[in-house]
Protein chains: 2
Amino acid sequence: MTLTATTAHLVPVAPSSGALRPLGLDEVRITGGFWHRRQEVNGTNTLDHIEGWLEREGWLGNFDLAAAGTLPAGRRGREFSDSEVYKYLEAVAWELGRLGALTDPHASERASALEARFHAIVARVAAAQEPDGYLNTRFGRPGQGARWSDLEWGHELYCLGHLFQAAVARHRTRPGADDGLVDVARRAADLVCEVFGDGGIERICGHAEVEVGLAELGRALGEPRYLTQAALFVERHGRGTLADIEWGRSYYQDDISVRDATALRGHSVRANYLAAGAADVAIETGDDELLDALARQWDATVERRTYVTGGQGSHHQDEAFGDDWELPADRAYSETCAGVASVMFSWRLLLATGDAKYADLVERTLFNVVETSPAADGRAFYYANTLHQRVPGAAADPDAVSPRAHSSLRAPWFDVSCCPPNTARTFASLAGYLATADASGVQLHQYAPARIRTTLDDGHEVALAVSTDYPADGIVRVEVLASGGDAPWTLSLRVPAWAAGASLSVRPAGGGGVETRAAAPGTAAVERAFAAGDVVELSLPVAPRFTAPDPRVDAVRGCLVVERGPEVFALETVDLVGTPLEGADFADLHVDATAPPRDLPDGGVAAAIVDRRTGARTEAPLVPYHAWAERGPSQMRVWVPVAERLPLGE
Amino acid sequence: MTLTATTAHLVPVAPSSGALRPLGLDEVRITGGFWHRRQEVNGTNTLDHIEGWLEREGWLGNFDLAAAGTLPAGRRGREFSDSEVYKYLEAVAWELGRLGALTDPHASERASALEARFHAIVARVAAAQEPDGYLNTRFGRPGQGARWSDLEWGHELYCLGHLFQAAVARHRTRPGADDGLVDVARRAADLVCEVFGDGGIERICGHAEVEVGLAELGRALGEPRYLTQAALFVERHGRGTLADIEWGRSYYQDDISVRDATALRGHSVRANYLAAGAADVAIETGDDELLDALARQWDATVERRTYVTGGQGSHHQDEAFGDDWELPADRAYSETCAGVASVMFSWRLLLATGDAKYADLVERTLFNVVETSPAADGRAFYYANTLHQRVPGAAADPDAVSPRAHSSLRAPWFDVSCCPPNTARTFASLAGYLATADASGVQLHQYAPARIRTTLDDGHEVALAVSTDYPADGIVRVEVLASGGDAPWTLSLRVPAWAAGASLSVRPAGGGGVETRAAAPGTAAVERAFAAGDVVELSLPVAPRFTAPDPRVDAVRGCLVVERGPEVFALETVDLVGTPLEGADFADLHVDATAPPRDLPDGGVAAAIVDRRTGARTEAPLVPYHAWAERGPSQMRVWVPVAERLPLGE
């Protein structure tokens, strides 16, 4: 395979081929609305919060100890704590890219301060790197485990995968920066190729991630060896080179080859990272058989092993997928990082194929998993995202590391604290997931107020302004600001699968007839010799709706969920205070399915809730699932039983 | 408190007061039928199997290493492996008691051989005891953790609790035997009292069991200090003397005092062992407040946290109870040992109160949890008992230790192998759970062909013969063989809660009118000056029936289970071979609730099963849940969805 370095655009993923070319942060800027608010909180509170905890918990200090040669004494944190520093660096790199595209006068001030922090941390990381490129604070020194001696649980390659992704973000958002992170990554990647290449250790890391990191580093730096190494790691899965464990080798996807698997399985973060890396390998090597296998696995996983929120992972014990249809609401693990990883996997298949279903899942997962993790203020997180809270969760100590992944309100930090930096890097790079281009024109996949400017294949520049109050409102207005040239091109807008009844209208700049037509779920395209001032408007019906589960999902049989646009809603007991249902047994509350849910004047949503025992009834406000647990301890459920008597039931 | 040694009867539990006095293995002999078959397999295959594996895995050998002074080198097994040896000794002691009561000429041969094996093992255990009474192969030597240094996970006191129960069984079934086990236990118990008594270490063991062991040893040996120590351990729960852990201190019941808890919680085996020990303490100290608290916890636990099988424990991760109504079928943990422990707890409350509901749960749990664990041949076991097998389980290697508690067919042995000896001790002592006496007469709680002979409080002897084909048939015939004296007394028979429509008839020996009357669930009593030859016959309706779940259990909403008498039935795909449903997607199969399940001519049960997609239909044989997975890999479910469309469904 050959690769040429692609530094032109600020994209998280830059495949050298595929149906769609992603537009980068230099081409897409989110200017307001739902995601802009999250990006602002993420870029300020969350990044500050993460760096504070990394310092406080000594996970940054571990690098200083390594540089001072005093490890293992004083090392703190779990075996994978280095990776949180790298994820944080990646988040900061994307945030710098995002700020660089903003016109806000404060943006450059914030960027300067962040840039200095970035430099300071990279210097500490770089100082810990061994002369041969090895970098890990937990292994390889006297008194520590030998390098690569615990591939099952050591996470050394996993940590490096995140280092590579951080370096990619840095390389793309500040090409030629003098901090040295890219060189650190290059030296580490060279060592990985030497140690694990042909003739080297023919094994894999127990936690996939190095594959996707190596593949993208190879793309970014134009280094085919890294991609070759990624391909080796992908192909070695399923050969049983890792030890069998209580949960089976499926836990780390070492039971079946990536090519032969029929669905994602085992640890849900590992599974998605591996699938994303395998997709990168398939795309760069033109391996359609592998890509098809991954697409089939995606289909089966989304149909049978994915929660209504897009969440993945049913088991607490092994943080793993369950069997087909095993999707309990109250023991939903739905790990935040599995949501992040699922977005990575789906995005790659979207770029490869152009199929809107992948963007549908990205949207569902962003709104209902990735956005659910952080509190509104970005300083507390859910590690796992249950869909049913039977007993009000306890407030987490804001000043302590939470040992528990569940049963509390959002917590500031965890013993295993991957969710804060993982959501942070996703939000900071979010503009990179909004739009793509291909030979025919521009495609919009996610909706947010945005400015888009790119050059099409035929060389003419296109500029668009997206205005919308989505997801509160279903109108997405795309104004053509510039369309350099007279040649027709195509503007495509995704119509989500839930949006039956959508319509699309075109309002030419010069006045004249407004064309309106139905837009079926999938993609709605307008081909036209666009002129500045032309407006394309997509109208998505976002009235609240009931959704029934697949009848094969046992755990929520006889229940309905309320959705509105891309958002899943939840019934939370704090909203029952002052209603006839205040103090009712939460287990007795059912929804009256004969009364459709409706919008409330204040922008909320309500459904008719009934106490099965007393018959008491109220129209209860529901809360977007991502916003639940913001008002203190509460009971909550996403799937609500339908009020009706079952045959032979009580 | 004062205690006098009670060696008179061969009972597992000998409370000094209470509503009912348990009849021992010297008073009740199971002579045939369902449980006799299990007891025979248990007394031969299972005991051989267990001893073989204890030897092979080195868990017995650990005691030899301890005696030789070479530990920790060569020690094998987990930190609690000593306890499996003690549970095995307890099982053998009860089996010797059982064989002693049999008239079978082979019984005494088998008893002699078992007795020799028992002696040999006790000698090895005794040789490992330290001069001060300490006994554990994992702690206390140079190179090992210090004694009592890891109360959270070390299981030292837990192991001793099982030693004490073994000694009780030995003391009661072979009083004065010269093997020395009772002395070993006494020395260890004395040390526990010294170390953990007033002024000693004021903490508890992370795995309850020493409480119930000390209490019974105190009863058996007439040693009030042991009961005092048991009471101290019980009262120390909930004081947070154990470390907080990821799952919270509720895991080992150190979050709330036994007195203040409202339901069993945390690790389900620990919770039930503790509750059983606390019941013993409450009874011996006359602490009605504590006993009432336990009875309330039992009610809440059975209503809200117990599977239809009697199984307890919803979580794999921490082997723990879930929240109220959190009872997923497919991730049912329902650990075999929780079933054993639940029988222990219920039995104590039955003796204390005489309430038939406790015997109902004992029956449900014996048939559907304890009996489910062992294979028909008694050489393979389920550690956990799922109620829904979505993917056919793999056959376990008959020659290897299984690392997995689930997702396979029954396995011969586990890394944590408590279920084989725990079921073995229960089956061997099962005659001790059939009947009781009180001032008014005799009570039958469980039904099996049996001979019962006891002396009532007024001094006259009573002998009964029970004949029944229960649970295949619902007729239980009790013939009075002897009733020494003319005074009237009462024969009581439990009418299970499921047996609506039961009737009781009395057929006097001398002929004459047969009285028949309805027998409502609870207890049916006949007071009479019984004469030899009188027959009391209980007729329990055992036609197969649908049972609906509590509407608050989300995981099985819209499903039904088929039960027949005390047995829960399961739909297993091996039974669909050759029917129109062979090869159907198991997730699509529903039950037609409008067609009642029915008995098959061969003694089986069938229900109308429908393929939701194709409409294909068959009357499928169902298998008693305890007998599932005996015919190779299969899918299975206990709760079957009802065939009907839900509003807005699909």
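Given the structure is predicted, the values throughout are model-derived calculations rather than measurements.

1. What about unusual backbone geometry?
Argument step 1. That bond from Y470 of chain A to P471 of chain A is cis: its omega, 5°, falls within 30 degrees of zero.
Argument step 2. Looking at where P471 of chain A falls in the secondary structure, it is placed in the loop between β7 (461-468) and β8 (475-483).
Argument step 3. The phi dihedral of Q253 of chain A falls on the positive side, at around 55°, and the residue is not glycine.
Argument step 4. Along the chain, the position of Q253 of chain A falls in the loop between α8 (224-236) and α9 (268-285).
Argument step 5. Residue classification places Q253 of chain A among the buried positions, given a relative accessible area of 1%.
Argument step 6. In this structure, S334 of chain B is a non-glycine residue whose phi angle is positive, near 40°.
Argument step 7. Secondary-structure assignment places S334 of chain B in the loop between α10 (288-304) and α11 (336-353).

2. Quick look at the sheet that holds β7 of chain A
All names here are of chain A.
Argument step 1. With antiparallel pairing, the seven strands of this open sheet are ordered in space as β2-β6-β7-β8-β13-β10-β11. Where the open sheet ends on each side, the last strands, each with one partner, are β2 (28-30) and β11 (515-518). Averaged over all pairs of adjacent strands, the angle between strand axes in this sheet comes to 15°, irrespective of strand direction.
Argument step 2. Two strands pair when backbone bridges link them, and strand β10 (residues 503-507) and strand β13 (residues 535-539) are joined in this way by five bridges, in the antiparallel orientation. Within β13, the position partnered with S505 by the bridge is E537.

3. Topic: the domain arrangement of chain A
Residues and elements named next belong to chain A.
Argument step 1. Here the domain parsing of chain A yields domain 1 (21-433), domain 2 (435-539) and domain 3 (545-641).
Argument step 2. One C-alpha centre belongs to domain 1, the other to domain 3, and the line joining them spans 33 Å.
Argument step 3. In this complex, domain 1 contributes 30 residues to the contact, which on the side of domain 3 involves 26 residues.
Argument step 4. Of the roughly 2,300 Å² buried between domain 1 and domain 3 on both sides combined, carbon and sulfur atoms contribute 59%.
Argument step 5. For the pair domain 1 and domain 3, the interface holds three salt bridges.
Argument step 6. The salt bridge partner of E630 is R410, with a shortest N-O separation of 3.8 Å.
Argument step 7. Across the domain 1-domain 3 interface, the total number found is 13 residue pairs in polar contact (both at pLDDT 80 or more).
Argument step 8. Listing elements by their share of the side of domain 1 that touches domain 3, those giving two or more residues are α10 (288-304), α12 (356-370) and β3 (388-389).
Argument step 9. Per element, the largest residue contribution to the side of domain 1 that touches domain 3 is four residues, and it comes from α12.
Argument step 10. Classifying every residue of the side of domain 1 that touches domain 3 gives 15 nonpolar, eight polar and seven charged.

About the criteria used
Each chain has its residues counted from 1, following the order in which its sequence is written. Chain letters and ligand numbers both follow the written order, the letters beginning at A and the numbers at 1. Where local features are concerned, this predicted model is filtered to residues with pLDDT of at least 70; where side-chain atom pairs are given and counted, the filter is 80 or more; whole-chain, interface and lining totals use all residues. Side-chain descriptors were evaluated using all non-hydrogen atoms of the structure, hydrogens and water having been removed beforehand. Here a helix means four or more residues in a row that DSSP labels H or I, a strand means two or more in a row labelled E, and each is numbered from the N terminus. Partly exposed residues are those whose accessible area sits between 20% and 50% of the maximum for their type, while under 20% is buried and over 50% is exposed, using a 1.4 Å probe and protein chains only. Following DSSP output, two strands are said to pair if at least two bridges run between them. Simply put, an axis is a line fit to the C-alpha atoms, just over the touching stretch for a helix, and the angle between two N-to-C directions goes from 0 to 180 degrees. Per the annotation, domain bounds derive from an automatic or database assignment of domains. The contact criterion used is simple: two residues touch if any of their non-hydrogen atoms lie within 4.5 Å. Throughout, buried area stands for the accessible area (probe radius 1.4 Å) lost by two parts on being put together, summed over both. Criterion for a salt bridge: a side-chain nitrogen of Lys or Arg within 4 Å of a carboxyl oxygen of Asp or Glu. Pairing of N or O atoms within 3.5 Å defines a polar contact, subject to two protein rules: one partner must be a possible hydrogen donor and the other a possible acceptor, and residues neighboring in sequence count only if both atoms are side-chain atoms. Gly counts as polar in this scheme, as do all residues outside two lists: the nonpolar Ala, Val, Leu, Ile, Met, Phe, Trp, Tyr, Cys and Pro, and the charged Asp, Glu, Lys and Arg.

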